[in-house]
Every structure is written in structure tokens, then in C-alpha cells.
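Descriptive structure summary
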Amino acid sequence: MKRLFTIFALGMMALSTAAFASTTATNTNTVSPTLQISATIQSAVQLTLSTGTAAVTHCAVTPTGGTPDYTMSFGTVDALGINNGNCNKFAPTTPGTTNAIYWSDYNLNPVFTSQTVSTNTITAQVTTDFAAPNNIFIVRDSANSNTVPANAAAFTAVSTGTPDTIVTNAASGVAQTRFIGVAVTPANGAGVTGAKSATVTFTLTVQ
Amino acid sequence: MRVRHHENVRRTHLPVVKSGGKVCGASFGRLLLALIILVIVSMAFTKPAAAQQGTFTVSAAPGGITFSGAGTTHSGQFGTMNALGIGTPSAGVTVIPLSNGALYFTHYQITVTGLPNPHLAAVTAFVNSNFTHTAALIMESCPSSSSCNAAGNFSAISLLSAAPTTVVAAPGINDQTVTAGLAIFVPDNNGASAFTGIDAARITLTATDTTNNKNFATAEIRLDTPVGETVQTAVRLTLATAAGGLTITPGADFSMNFGNVNGLGFGPGPGLSTVAAAGGVVYSTPYVLQPAFTDFTSTIATIRTFVSTNFAHPTILILRDAAAGAGPYNNIGTTAGTATQITNAAASRSSITRFLGLFVSNANGATSFRGSDSAILTFTMTVP
């Protein structure tokens, strides 16, 4: 009887399946390890600019990969609207009195994810203005729409103080067409000519 | 456990018996003379008694397998084994997993005493009765000159008595106990030669007086008691970090942390790349599957995976699988019944690089989520 029990016990040992961890097993043909995957989701916002497609001609929006993020050049401009500049222009209504406007369309591309709300705004502000004597300044379409401006009166100076809201509640991922330009005043005096640059900062806020 | 042979004494005594027959019937004086002559002749042709003696003992070593039996026969076993070296081996046996099998080894002791100075004894071994399944079990030996704790110390034992394997090298030992190693190599063995079950082998150890080159004792180790060697199938599936991929941390069982992610794919962490996807983005990483299995008639296995514990936010985070880094990435099944098949032709000990994608939704509003979440993938390898 004792011998029979011993044989039985050895037989059971030989037949038994042994699993030592989920990664290994003996006397069986399957094993099932597990992989735990963790991640922390963060909200994200993105605002990119690109060359417009609405106006007749377009000044290119060029990403630099550095600072500033993008550049746009209106080329050679003048207060009488003699030069064509790089894209569109409105000659002064009263030469020598009113401003010439050199302008272009451009696209704002807002994208945001994992936000608790979808309401948002995009603002624009001149954070670095043209140097004195300020005979040139940044303008935007007064309507804050994708409608192509009809004349020089359709433009408003971009604020150098409180940011101007130019887009409200844009859908994430949907490009918004707007218009930006430079107004050249007929001012005369020292420093009114030559290459000049300014910086506009666009801010997307989702809240 | 001991054996003592006196071959030379036995050989020189035989003429005495024959000579004894010739002196029957002689006178007492002649008988006495003959007896004296015989004694002198016997002394002249007989080597000193001490030179013909020697004791050769095989015994269990501390921490080694135990032997039973008496006389020259020592019986024991290595117990249950597998070619992946999985599990705890039997008492007295140590396992070393190797890249092509597993080496199960034990230590035993050899003692030689009683040889006349300066006689020494060497010891050799050969397999006198090999395993029936020679592709599944291979006897190996480690000489006493080695520590016998590493696979490299062992080599296959000769199957030929005429060319045995050295256990105690010449010139040998006397009045000394040394420790040697005995091992069974269980190689990877899938396909037609696969074997599971019980097998046994016997090894003959021979002690040789290296002064006169005479074998003066033998002993036999029988690895068949009480059962013998039991070979089992074994399966193993591990995950590992791929080159350039996210770190896989061994734990219970493995873990992988994608870190901070977002629906736009900004700033993927080290080891991650992003792939565009409708409604969000996929963070992707390569990883390595390392299947191993032994003693199956099949040489290939199937590996599947499914999400056994889903994210708390299963519409925001979704696990996807791809064969290539660029995709396409497909959702991994969320039940065992809908598990995603990674391969149906996994070869043993052949790593597979696969790509795991974490889809992150770009949803905003009430259904959006920010924070940590986790899921568990279960991989199942089955060898048919």
C-alpha cells in the first residue's frame, strides 16, 4: 500500500502543471504574462500660422523654426502706394494725407485637446513695434472675419497695449482666415525710410 | 559504498595453488623444502601488499544529490527538469539556464586512500548505459580540478569505455577526497525529437593507479532511483525593451509608462514617436517579445494579446498594435475572445519586435480627461 502511494505521488508530480510566474510554466503549453501600461494625459493647445488663400495674392507666412516663430515680408512699400509690395495694397485715398495699406491674408490654425471647455479666443498684439518715427504700423481687418477687405478703411491698427480679439470660439483644428498689413503714413523726416520690422504676438486661450 | 580490489595479489596466488598440486605425496623434508621454495618464489613474484591495495570511494557531496545502494553501486536521480531551467530543481541539484538549454548539475565526492607512496590514482568516467532519448538528455562531467559551478566547467561524458572522460586527472590523488561535478544538459528540443517523460542513465567511474597504469577499482552511478530523470515541457514569454523604445520594467509582470501624453502628440518622451490618427494621435514604441518553449512537437507558437484591464477612460486612451513603426495601428481586442494575434509562427528563442501604440483622443469638453490612467495587456503564447 505504501509503495502504491509512492508511485501515485510520483505520478502526480510528473503530471502536474507548474507555473512559477506569469512569464513561465512547465508541463503545459501556454503562458500569459501581463504588461501594465500607464500614461498621464495633459491638455494641449496649438496655434500655428500659415499663408492665406483668400486674397488675390498672398504674402508668405514662413516658419523659422526658432524665434520669431514666423515671418512675413511686405517688401518695399511707400506712403503713396507706388510700390507694389509683395502682395496686396490699397493706395492712399488722399495721397500725402492718408495712409497706404499693404496687406495680405493669412491663416490662424487653432488646435486644442483635453480641455474642459471648447470656448476660446485668439488675440493679436504688437509686442515689438516698428522703430521711431513710427511712420509705419501694423493693421488688421477691422471685421475680424474671413471676408476680404474692400479698401483701406477696412483696416484698424493692431493694439500695442491690450490685445485685440480677432477670433472667438474657433473650432479646434479649423483654420481661420484673417488679414494683416502695414499702414505707411505720409510723414516726412529723419528715419522714415529703410528696412523696418515689428512683431505681432497671437495668443490662443481656451477657457 | 566502497570497493577494494587486489588484482595483482589474485594473479600471483594462482600459481601457488597449481604448485601445491605438484608436492602431494613427497617426503616431509622435501615437502618442507618445496614449501620454503614456494614461499620464496611467491615473495619474489609478489609486489609489496601495500602497492596492490587502494580504496576508491564515491559519495555524496555536501549540498549534492544523495546516493543509495551498497558496494560499488550508487543510485540517485536529478529529478524533474526542463530545457528552460524553469522552477526549483530537486534537492542537491543546481540549474543553470543557458541560451540553448539548461544544465542541471550536482557535486559528488571521490576519495582514494591506501595506495603505497608514491602511487596516485586518476579517475575516469564513461556512460555505460545512456539515456534512451539522447537528444533530450546529455550526461556531462566536471573534473575535480574545477569549481564545477559554471556551465563551462562541464563537458559531455564519453560513451566509450576505451576513451573515458577524465574526472580526476593524472597523476591523481591518494589519501585525499576531491569534489567533482556531474551534470545533465537538457537541450532545447522541439520537433520530432521532442521528449517528455522519464529516462535514466548509468555512469561507470574507474580508478587507475597511475604509477603502474592499472585499474584497481570501479564504481557505478545510476541515475534511476527512485524514478530517474523527468523531462517536462516548458514555456516562457517575456517582454523586453527594444532599441530606441520605451523602457519595459520587469515587475508583476512588466510595466511601461508612456509618461505625459496629449491629444496633439506634442513632446513625445524618450523612446516614443507619434503617428497621426483620426481624432487624436498615436504614441508609438517598439518592444520585444521573447518566446521560448521546449520539448514540444511543434516548432512554432502563437502569440496573442488583449486588453485584460482597460483604461478608466477607454474612449480617450486606446491601445493599438502594429507590425511596423509607421503602422497601420489597429485597436487591440478587449476580451480574450477578441485577442489580437501578433504571430502564429513564433520560433523558440527568436525575438519579435512589435509596436505598441497608445491612441490619445483630442476630445474637448465634458468627456475630456486629464490625468493618469493605466491598462493591462495580457499576452498569451500557446504552443500547439
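A brief report on the enclosed structure follows. (Residues numbered from 1 in each chain as written. Chains lettered and ligands numbered in written order. Predicted model: local features only at pLDDT ≥ 70, side-chain atom pairs only at ≥ 80, totals over all residues.)

**Remarks on the overall build of chain A**
Counted only if it meets this: Numbering of helices and strands starts at the N terminus; helices are DSSP runs of H or I of at least 4 residues and strands are runs of E of at least 2. To assign burial, the other C-beta atoms lying within 10 Å of each residue's own C-beta are counted, with C-beta atoms placed from the backbone; 20 or more indicates buried, 12 or fewer indicates exposed, and intermediate counts indicate partly exposed.
What chain A contains, in helices and strands, is one helix and 15 strands. The buried share of chain A, reckoned over its 207 residues, is 33%.

**Concerning the sheet that holds strand S15 (residues 229-231) of chain B**
All names here are of chain B. The following threshold applies: In this description, strands pair whenever DSSP reports at least two bridges between them. For helices, the fitted line uses only the C-alpha atoms of the stretch in contact; every axis is such a line through C-alpha atoms, and the angle between N-to-C directions lies from 0 to 180 degrees.
Spatially, the three strands line up as an open sheet ordered S4-S15-S12, and their pairing is mixed. A single partner strand is all that each edge strand has here, and the edge strands are strand S4 (79-81) and strand S12 (197-199). Between one strand and the next, the sheet's axes are offset by a mean angle of 30 degrees, whatever the strand orientation. Two elements, S12 and S15, share three bridges in a ladder whose sense is antiparallel. In the strand pairing of S15, Asp-199 is matched with Glu-229.

**A look at the environment of Asn-362 of chain B**
Filter applied, for reference: In this description, a residue-residue contact is defined by the distance between C-beta atoms placed from the backbone, which must lie within 7 Å.
Looking at the secondary structure, you find Asn-362 of chain B in the loop between strand S25 (352-361) and strand S26 (371-382). Residue Asn-362 of chain B is classed as buried on the basis of its 23 C-beta neighbours within 10 Å. Sequence-distant contacts of Asn-362 of chain B, defined by excluding residues within four places in its chain, comprise Thr-113 of chain A together with Gly-263, Leu-264, Gly-279 and Gly-280 of chain B.

**Points about the sheet that holds strand S13 (residues 164-168) of chain A**
Residues and elements named next belong to chain A. Across the sheet, three strands lie side by side as S13-S10-S15; this open sheet has antiparallel pairing. Of all the strands in the sheet, just S13 and strand S15 (199-206) have a single pairing partner and so form its edges. Between one strand axis and the next, the sheet turns through 25 degrees on average, direction left out of account. With eight bridges connecting them, strand S10 (residues 120-128) and S15 associate as antiparallel partners. Opposite Thr-121, over in S15, you have Thr-205 as the bridge partner.

**What about unusual backbone geometry?**
The omega torsion of the bond from Asn-117 of chain B to Pro-118 of chain B falls at 10 degrees, within 30 degrees of zero and hence cis. Along the chain, Pro-118 of chain B falls in the loop between strand S6 (101-113) and strand S7 (121-129). For the bond from Thr-225 of chain B to Pro-226 of chain B, the omega torsion is 0 degrees, close enough to zero to count as cis. You can see Pro-226 of chain B is positioned in the loop between strand S14 (214-223) and S15. Located in the positive-phi region is Asn-169 of chain A, a residue other than glycine, with phi close to 50 degrees. One non-glycine residue, Asn-213 of chain B, lies in the positive phi region at around 60 degrees. Inspection of the secondary structure assignment puts Asn-213 of chain B in the loop between strand S13 (201-209) and S14.

**Quick notes on the interface of chain A and chain B**
Every contact between the two is made by 38 residues of chain A and, on the other side, 53 residues of chain B. Secondary structure elements with two or more residues in the side of chain A that touches chain B: helix H1 (2-15), strand S1 (18-21), strand S2 (24-26), strand S3 (30-31), strand S4 (34-41), strand S5 (44-51) and strand S9 (100-113) of chain A. It is S4 of chain A that contributes the most residues to the side of chain A that touches chain B, eight residues altogether. With six bridges connecting them, S4 of chain A and strand S18 (residues 253-261) of chain B associate as parallel partners. Bridge pairing links Ile-41 of chain A to Val-261 of chain B in S18 of chain B.

**Concerning the nonpolar core**
Filter applied, for reference: By convention in this section, buried Ala, Val, Leu, Ile, Met, Phe, Trp, Tyr and Cys residues joined through C-beta atoms within 7 Å make up a nonpolar core. Marked domain ranges trace back to an automatic or database domain assignment.
Counting 142 residues, the largest nonpolar core has Tyr-104, Ile-184, Val-186 and Leu-358 of chain B as the members making the most contacts within it. Taken together, domain 2 (50-232) and domain 3 (235-382) of chain B each give at least three residues to this core, which thus spans both. Non-local contacts of Leu-358 of chain B, meaning those with residues more than four positions away in its chain, are made with Ile-37 and Ala-39 of chain A together with Phe-258, Val-261, Val-282, Tyr-283, Leu-317 and Leu-319 of chain B.

**Observations concerning the environment of Ile-110 of chain B**
Residues and elements named next belong to chain B. Relative to the assigned elements, Ile-110 resides in strand S6. Between the C-alpha atom of Ile-110 and that of Ile-352, which follows or precedes it by 242 residues, the distance is 47 Å. Apart from the residues within four sequence positions on either side, Ile-110 is in contact with Val-58, Val-123, Ser-144, Val-167, Val-168, Val-178 and Ala-180.

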